[in-house]
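Each chain, written out:
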Amino acid sequence: MTQTGTPAAPDAQPSVAGARFDSLDPRTGEVIKSYPVHDAEHVNAMVVRAGEAAGWWAEQGFAGRRTLLGQWRKLLVKRLDQLAEVVSSETGKPLDDARLELVLAVDHLAWAARHAERVLGRRKVGAGLLMSNQRATLSYPPFGVVGVIGPWNYPVFTPMGSIAYALAAGNAVVFKPSELTPGVGHALADTFADALRAAGHDQPVLQVVTGFGETGAALCRSGVGKLAFTGSTATGRRVMVACAENLTPVLIECGGKDPLIVDADADLDAAADAAVWGGMSNAGQTCVGVERVYVVEPVADEFLRRVVARAHAVRAGADPSADFGPMTMPAQLDVVAGQVRDALDKGAHALVGGMASVRAPYVEPVVLTDVPEDSTAITQETFGPLITVNRVPDAEEAITRANATAYGLGASVFSAKHGEEIAARLRCGMVAVNGVITFAGVPALPFGGVGDSGFGRIHGEDGLREFARAQAVTRQRFAPPISVMTFTRGKRSMRRIIALVRAVHGR
Ligand code: NDP
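How each quantity is defined
- Residues numbered from 1 in each chain as written.
- Predicted model: local features only at pLDDT ≥ 70, side-chain atom pairs only at ≥ 80, totals over all residues.
- Heavy atoms only, no water.
- Helix = DSSP H or I, 4+ residues; strand = E, 2+ residues; numbered from the N terminus.
- Rg over C-alpha atoms; globule rule 2.2 N^0.38 Å.
- Buried < 20%, exposed > 50% of the residue type's maximum accessible area, 1.4 Å probe, protein only.
- Contact = heavy atoms within 4.5 Å.
- Areas by Shrake-Rupley, 256 points an atom, 1.4 Å probe, with all protein chains shown as cover.
- Axes fitted to C-alpha atoms, helices over the stretch in contact; angles between N-to-C directions.
- Core = buried A, V, L, I, M, F, W, Y, C linked by side-chain atoms within 4.5 Å.
- Domains from an automatic or database assignment.
- Pairing = 2+ DSSP bridges.
- Salt bridge = Lys/Arg side-chain N within 4 Å of Asp/Glu carboxyl O.
- Patch = residues over 30% accessible without salt bridge, like charges linked within 9 Å, V, L, I, M, F, W, Y side chains within 5 Å.
- Lys, Arg positive; Asp, Glu negative; His and termini not counted.
- Charge placed at Lys NZ, Arg CZ, Asp CG, Glu CD.

S.K.: Whenever I open this one, the overall build of the chain confuses me. Can you help?
M.R.: For the chain, the count of helices and strands is 16 helices and 21 strands. For 507 residues, the compact-globule estimate of 2.2 N^0.38 gives 23 Å, and the C-alpha radius of gyration of the chain, at 25 Å, lies within 12% of that figure. Evaluated residue by residue, the chain yields a buried proportion of 56% over its 507 residues. Intrachain contacts of the chain at a sequence separation of at least 6 include 70% that bridge at least 24 residues. When the accessible surface of the chain is totalled, it reaches about 21,000 Å², and 54% of it is carbon and sulfur.

This is the structure we're talking about:
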């Protein structure tokens with residue numbers, strides 16, 4: 001992450017002092033703790049250690065790992081408030097938002113541990129007509145060590161989508177949290193180490209490296225079996241370039257510009273609530289947050305009235321009654337201000353807030369309407385509590401505009417009768433019908449995007465397979481009736497097999 005914008009508070013940017021940097025509370029700018037900036041040599045050593053631990057972890061088998069991950073889950077729940085405090089202090093988000101993040105992560109951890117054997121364990125598959133003398137099996141062994149690079153906006157939930165699934169699949173993990181949330185990374189790893197120790201094991205199965213982009217880049221080049229990245233599209237490209245050097249496979253989870261479509265038969269109260277919460281909770285710093293709303297003309301006035309009323313009631317602040325906290329990353333203040341200015345200059349109307357809403361370190365809710373589709377508030381990720389609401393003649397036009405972006409992460413559709421039909425036509429990885437972001441809380445569903453939002457999936461069966469490599473095995477049960485895979489095959493064998501294929505596939 002580049003720190004170039006207006007600071008949230010004096011000296012609020014992490015400062016490098018020798019080989020250390022400070023983690024700060026974005027609400028006050030106060031230093032919470034300092035952490036080492038790990039260089040490539042250190043990262044490589046951690047990956048070597050992880051490789052040794054990976055052997056032990058793999059030996060535990062699915063059942064052993066399930067038990068130990070269960071111990072971790074219980075400890076996370078026991079320390080929920082303590083961990084939520086760490087998340088809240090490093091991101092500035094309200095404590096209950098931090099608790100919610102932990103609750104969701106714990107549920108994913110439980111699902112991954114419970115389902116890993118069914119999804120990844122060796123199973124028999126049909127050998128097919130031509131190889132009917134073979135027993136064919138498929139399994140998904142782990143890579144060994146997986147590198148995980150995470151963002152700061154959901155510093156538990158987001159990386160845990162990779163960490164929990166990678167561990168359940170049998171890998172050791174080296175985790176590089178964002179420079180803004182190193183304490184959260186350590187809290188997660190410490191809890192896991194404590195759970196292992198309580199069970200009598202002292203193994204570095206989950207380790208943390210801290211620092212800036214260079215530390216992340218070193219992890220990409222360290223020889224890990226796979227690298228799971230969550231962050232911005234620009235950094236995702238750099239991660240791929242670094243991983244390409246060793247042909248290290250990558251999982252790329254990037255940003256989004258998620259639309260919310262409101263059709264004529266929508267429940268307008270529910271849609272307005274979803275637009276405001278989906279767009280503004282966590283100060284809008286949500287990869288699958290609502291950024292663009294398209295509402296069909298017949299219900300637009302009614303919908304806008306409801307959105308405005310709700311957005312007026314929402315407030316940023318550091319006190320316990322605030323709905324959301326500050327912008328965690330100071331540079332984001334300039335991005336939001338720039339998008340509001342650009343939209344207003346191009347003719348958009350501010351229904352709630354405006355330029356004055358940006359007052360460091362907070363941004364108060366902003367609702368813009370009649371926003372030209374070439375405004376940066378429509379074309380670029382905002383990552384702030386700003387939503388655009390544009391009128392469209394019908395759902396058809398809403399779909400066209402929703403799809404007119406290089407991103408393709410999530411979406412929401414509000415319609416009593418046509419929700420799933422509209423959802424099927426959206427170019428994105430996840431859609432919530434008559435809801436918002438709900439897909440992220442269903443552990444069985446894969447999470448990920450298309451286009452500039454990245455590729456690969458966390459969560460669900462796909463998320464488990466993402467952290468394993470398919471291994472196919474055939475074992476001969478008896479000699480083949482027609483033997484063609486040998487230099488000693490005769491012309492008769494070839495005639496017989498071609499006749500067989502003609503009979504089966506040629507008609
Ligand atoms: P960044 O891309 O700035 O950083 C992400 C991570 O990559 C950080 O840990 C960062 O370290 C690290 N990094 C930076 N440079 C490099 C490099 N050259 N090589 C390797 N790693 C590097 O994203 P943010 O942290 O600002 O997160 C916000 C972005 O994340 C948004 O675009 C958001 O949409 C996206 N996101 C996507 C999600 C998804 O699941 N699709 C979920 C959550 C967020 P450092 O912080 O130290 O610079």
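And the narrative resumes.
S.K.: What is the right way to read the packing of helix 2 (residues 61-78) against helix 5 (residues 157-168) from this model?
M.R.: Packed helices, taken two at a time, are described by the angle their axes make and the gap between the axes. With their axes 9 Å apart at the nearest point, helix 2 and helix 5 run at an angle of 145 degrees to one another. Contacts between helix 2 and helix 5 involve Phe62, Arg65, Leu69, Trp72 and Leu76 from the first element and Met160, Ile163, Leu167 and Ala168 from the second.

S.K.: Which parts of the structure should I look at to understand the nonpolar core?
M.R.: A general trend in soluble globular proteins is that nonpolar side chains are found buried together. Core analysis: the largest hydrophobic core is formed by 144 residues, its most contacted members being Trp72, Met160, Leu227, Val262 and Phe303. Among the elements that make up this core, the one with the highest residue count is helix 4 (residues 95-120) (eleven residues). Each of domain 1 (20-255) and domain 2 (259-442) gives at least three residues to this core. Among all residues touching Phe303, those that are not within four sequence positions of it are Val262, Leu268, Ala271, Ala272, Ala275, Val293, Val295 and Val389. In terms of nonpolar packing, the next biggest core, distinct from the first, is built from five residues, Trp152, Leu180, Ala331 and Phe383 among them.

S.K.: What is the right way to read the pairing of strand 5 (residues 134-139) from this model?
M.R.: Extensive coverage of strand 5 is indicated by the burial of five of its six residues. With three bridges joining them, strand 4 (residues 123-125) and strand 5 adopt antiparallel strand pairing. When the bridges of strand 5 are listed, Arg123 appears paired with Leu138. Note: strand 5 against strand 21 (residues 471-476), six bridges, orientation antiparallel. Its bridge partner being in strand 21, Ala136 is matched across the sheet by Thr474.

S.K.: Can you walk me through the domain arrangement of the chain in this structure?
M.R.: A common way to report how large an interface is uses the accessible area buried once the components associate. By the assigned domains, the chain splits into domain 1 (20-255) and domain 2 (259-442). With 19 residues of domain 1 at the contact, the number on the domain 2 side is 22 residues. Along the contact surface separating domain 1 from domain 2 lie zero salt bridges. Elements with a minimum of two residues in the side of domain 1 that touches domain 2: helix 3 (80-91) and helix 4.

S.K.: Before we go on, may I ask you to explain the environment of Arg502 in this structure?
M.R.: Of note, Arg502 is situated in helix 16 (residues 491-505). As for Arg502 and Lys226, which are separated by 276 residues in sequence, their C-alpha atoms are 43 Å apart.

S.K.: What am I meant to see in the sheet that holds strand 5 here?
M.R.: Note: strands within a sheet are paired through backbone hydrogen bonds, in either parallel or antiparallel orientation. The strand order 4-5-21 describes an open sheet built from three strands, whose pairing is antiparallel. Of all the strands in the sheet, the pair left with one neighbour each is strand 4 and strand 21. Put simply, the sheet's adjacent strands are angled 35 degrees from each other on average, direction ignored.

S.K.: How should I be thinking about the side chain of Ser375 in this particular structure?
M.R.: In this structure, Ser375 sits in the loop between strand 16 (366-369) and helix 12 (376-379). Residues contacting Ser375, with those up to four places away along its chain left out, are Asp342, Ala343 and Lys346.

S.K.: Before we go on, may I ask you to explain a positive patch on the surface in this structure?
M.R.: Together, Arg122, Lys124, Arg135, Arg475 and Arg477 line one region of the surface with positive charge. You can see Arg122 is positioned in the loop between helix 4 and strand 4. Among the residues examined, Arg122 registers a relative accessible area of 44% and is labelled partly exposed.

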